[in-house]
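Each chain is listed here by its residues.
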Amino acid sequence: MEYGRVVLLTGASSGIGKITSEKLADLGLRVYGTSRRANNGNIVYSNEASQGFVEMVQLDVCSDQSVKDAVSYVMEKEGCINVLINNAGFGLAGAIEETTAEEAMAQLNTNFFGTHRMCREVLPIMRKQKKGLIINIGSVAGIFSIPYQSMYSASKFALEAYTEALRIEVRDFGIKAVIVEPGDTRTSFTENRQYTAESENTVYPNSKKSIHKMIKDEKSGDNPIETAQAICKLLYKKNPPVRVTVGPVYKLFVQLKRVFPNRLTEYIIRRMYS
Ligand SMILES: NC(=O)c1ccc[n+]([C@@H]2O[C@H](COP(=O)([O-])OP(=O)(O)OC[C@H]3O[C@@H](n4cnc5c(N)ncnc54)[C@H](OP(=O)(O)O)[C@@H]3O)[C@@H](O)[C@H]2O)c1
């Protein structure tokens with residue numbers, strides 16, 4: 001284990017975050033998993049053999065104060081945070097024309113600014129420790145922009161840019177940063193997806209069909225354990241890569257994007273979603 005045993009992981013109440021926190025506890029890590037509905041101090045998982053556990057902490061990544069309180073709570077208990085995993089997020093569906101600025105801002109507030117709030121609070125701690133690992137959960141939708149999910153894609157593209165810059169800025173302080181990009185994954189993400197108000201009476205004939213395809217792909221998507229395993233591996237890497245795409249098929253798609261002409265990529269996405 002390269003970084004130490006105390007992990008703060010946002011969005012641990014379900015899906016990728018829940019399974020990742022349990023796998024990390026199995027490795028002997030002391031995991032503080034967050035949820036907006038948590039009661040501090042509630043241990044939801046423990047592994048006697050490894051002595052790892054998952055304790056829930058109340059946190060809304062959209063609130064500066066909530067982020068401060070959660071980080072202070074972990075610091076009071078442990079005196080350090082070795083690994084921060086920014087996983088909390090949700091999806092928003094609807095055509096661009098049918099998305100208000102408020103709806104778009106709410107999407108970026110959780111998925112992008114939520115990560116920024118967490119980093120702002122944890123970076124001073126890691127800087128003093130002269131060591132730390134930050135793992136941001138992006139998406140393959142942060143490499144390929146998906147129609148009728150533009151604001152979700154924008155939030156994940158933004159995380160790509162953020163992580164690339166962060167890595168360079170914090171390198172000299174011994175802090176590493178990496179973005180993990182899952183593809184379609186079977187979690188509560190599908191049920192938790194929000195829809196823009198105007199999408200109910202959409203004037204875009206392809207929008208409903210496209211969203212239906214997304215839902216179908218997610219429901220038959222990867223097991224979240226695959227992302228959990230990819231995250232666990234990073235904790236043993238002294239020099240983690242910039243990005244880790246989860247799953248061989250998605251890895252291939254991402255590599256092909258680099259060599260395919262843009263029009264060909266666009267054609268494929270259009271065929272998939274329209
Ligand atoms: N499933 C996929 O197909 C897929 C693909 C690529 C990337 N991802 C990414 O993977 C991450 C996890 O998603 P998932 O698939 O595991 O979905 P999920 O099962 O819906 O879990 C989302 C988690 O985020 C938390 N969350 C949402 N809004 C929050 C807020 N404002 N403050 C704090 N926590 C918040 C939820 O906690 P509470 O509601 O309890 O607060 C929940 O624990 C997300 O960033 C998502 O974009 C998912």
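The preceding data block contains the structure.
In this report, the structure presented in the accompanying data block is examined. The structure presented is a predicted model; accordingly, all values stated were derived computationally and were not measured.

## Looking at the overall build of the protein chain
Then step 1. Helix and strand counts for the protein chain come out as nine helices and ten strands.
Then step 2. Over its C-alpha trace the protein chain gives a radius of gyration of 18 Å, about what one expects of a compact globule, namely 19 Å for 274 residues.
Then step 3. Taken over the C-alpha atoms alone, the protein chain extends approximately 55 × 40 × 35 Å along its principal axes.
Then step 4. A burial count over the protein chain gives 50% of its 274 residues as buried.
Then step 5. A separation threshold of at least 6 residues defines the contact pool for the protein chain, and within that pool the share at least 24 residues apart is 71%.
Then step 6. Accessible surface, the protein chain as shown: approximately 13,500 Å² in total, 52% of it carbon and sulfur.
Then step 7. Looking at charge distribution, the protein chain has the averaged site of its 35 positive side-chain charges lying 7 Å from that of its 29 negative ones.

## With respect to the sheet that holds strand β7 (residues 132–137)
Then step 1. Pairing is mixed in the open sheet, where eight strands are placed in the order β3-β4-β2-β1-β5-β7-β8-β10. Whereas interior strands pair on both sides, the edge strands pair on one side only; in this sheet they are β3 (42–47) and β10 (243–245). Taken over all neighbouring pairs, the strand axes of this sheet differ in orientation by 20 degrees on average, direction set aside.
Then step 2. Bridge analysis of strand β8 (residues 175–181) against β10 gives three bridges, and the strand direction is parallel. Residue Ile179 lies in a different strand from β10, and its bridge partner there is Arg243.

## As for the site of the ligand
Then step 1. The immediate surroundings of the ligand are formed by 30 residues, with Ser13, Ser14, Ser35, Tyr152 and Thr187 found nearest.
Then step 2. Lys156 is positioned with one of its side-chain polar atoms (N or O) 3.0 Å from an oxygen atom of the ligand.
Then step 3. The contact in question runs from an oxygen atom of the ligand to an N or O atom on the backbone of Phe189, over 3.3 Å.
Then step 4. Going through the elements one at a time, α1 (15–26), α4 (150–170) and α5 (189–192) are the ones with two or more residues in the shell around the ligand.

## Details of the nonpolar core
Then step 1. Of all hydrophobic cores here, the largest spans 30 residues; its most connected members are Leu8, Val71, Leu84, Met118, Ile134 and Leu166.
Then step 2. Listing elements by their share of this core, those giving two or more residues are β1 (6–9), β4 (52–58), α2 (64–78), α3 (101–129), α4 and β8.
Then step 3. Per-element tally for this core: the top contributor is α3, with eight residues.
Then step 4. Setting aside its immediate chain neighbours within four residues, Leu8 contacts Tyr32, Thr34, Val71, Val74, Ile81, Val83, Leu84, Ile85, Met118 and Val122.
Then step 5. Among the nonpolar cores identified, the runner-up in size contains 25 residues, and Leu9, Val178, Ala230 and Leu234 belong to it.

## Let's talk about the environment of Phe260
Then step 1. Examined against the element boundaries, Phe260 turns out to sit in the loop between α8 (248–259) and α9 (262–273).
Then step 2. On the basis of relative accessible area, Phe260 is assigned to the partly exposed category, the value being 26%.
Then step 3. Each C-alpha atom of the pair Phe260 and Glu226 lies 27 Å from the other, and the pair is 34 residues apart in sequence.
Then step 4. Residues within four places of Phe260 in sequence aside, it is in contact with Thr265 and Ile268.

## Examining the pairing of β7
Then step 1. β7 sits mainly inside the fold: six of its six residues count as buried.
Then step 2. Of the two faces of β7, the one carrying Gly132, Ile134 and Asn136 and the one carrying Leu133, Ile135 and Ile137 are both buried.
Then step 3. Sheet topology places strand β5 (residues 83–86) next to β7; four bridges connect them, and they run parallel. Bridge pairing in β7 links Val83 to Leu133.
Then step 4. Note: β7 against β8, six bridges, orientation parallel. Bridged to Ile135 within β8 is Val178.
Then step 5. Read from β7 through α4 to β8, the crossover connection turns out right-handed.

## Quick look at the side chain of Thr10
Then step 1. Residue placement: Thr10 occurs in the loop between β1 and α1.
Then step 2. Thr10 gets classed as buried once you look at its relative accessible area, which sits at 2%.
Then step 3. Among the polar contacts listed, one links the side chain of Thr10 to the backbone nitrogen of Asn87, at a separation of 2.9 Å.
Then step 4. When sequence neighbours within four positions are dropped, the list of residues in contact with Thr10 reads Thr34, Leu59, Val61, Ile85, Asn86, Asn87, Ala88 and Met118.

## What about the pattern of salt bridges?
Any two side chains of opposite charge can pair, on the condition that their charged atoms come close.
Then step 1. Taken as a whole, this structure holds eleven salt bridges when the rule is applied.
Then step 2. With a closest N to O distance of 2.8 Å, Arg30 and Glu78 form a salt bridge. Of this pair, Arg30 sits in strand β2 (residues 30–35) while Glu78 sits in helix α2, and the two are 48 residues apart along the sequence.
Then step 3. We classify Arg30 as partly exposed; its relative accessible area is 32%.
Then step 4. Relative accessible area serves as the criterion here: at 18%, Glu78 is assigned to the buried category.
Then step 5. Through salt bridges with shared partners, one network takes in Glu160, Glu164, Glu181 and Arg243.

Conventions adopted
In every chain, residue numbers begin from 1 and rise along the written sequence. Totals for whole chains, interfaces and linings use all residues, but because this is a predicted model, local features are given only for residues with pLDDT of at least 70 and pairs of side-chain atoms are given and counted only at 80 or more. Computation of side-chain values covers all heavy atoms of the structure but excludes hydrogens and water. Elements are defined by DSSP. Helices are runs of H or I of four residues or more, strands are runs of E of two residues or more, and each kind is numbered from the N terminus. With C-alpha atoms as the basis for the radius of gyration, the globule rule is written as 2.2 Å multiplied by the number of residues raised to the power 0.38. Partly exposed residues are those whose accessible area sits between 20% and 50% of the maximum for their type, while under 20% is buried and over 50% is exposed, using a 1.4 Å probe and protein chains only. Contacts: residue pairs with any heavy atoms within 4.5 Å of one another. Accessible surface area values rest on a Shrake-Rupley calculation with a 1.4 Å probe, where residue burial reflects the displayed protein chains alone. Only four residue types enter the charge count, namely Lys and Arg as positive and Asp and Glu as negative; His and the chain termini do not. A single reference atom marks each charge: NZ on Lys, CZ on Arg, CG on Asp, CD on Glu. Should DSSP find at least two bridges between two strands, the strands are taken to pair. Here an axis means a line fitted to C-alpha atoms, over the contact stretch when the element is a helix, while the angle between two N-to-C directions is reported on a 0 to 180 degree scale. Being near a molecule or strand, for a residue, comes down to having at least one heavy atom within 4 Å of it. Any pair of nitrogen or oxygen atoms within 3.5 Å is treated as a polar contact; in protein, a donor-acceptor pairing is required on top of that, and neighbouring residues in sequence qualify only through side-chain atoms on both sides. For this analysis, a nonpolar core means a set of buried residues of the types Ala, Val, Leu, Ile, Met, Phe, Trp, Tyr and Cys, connected via side-chain atoms within 4.5 Å. Seen with its strands pointing away from the viewer, a crossover is right-handed if its path from the first strand over the helix to the second goes clockwise. Note on definitions: salt bridges are taken to be side-chain nitrogens of Lys or Arg within 4 Å of carboxyl oxygens of Asp or Glu.

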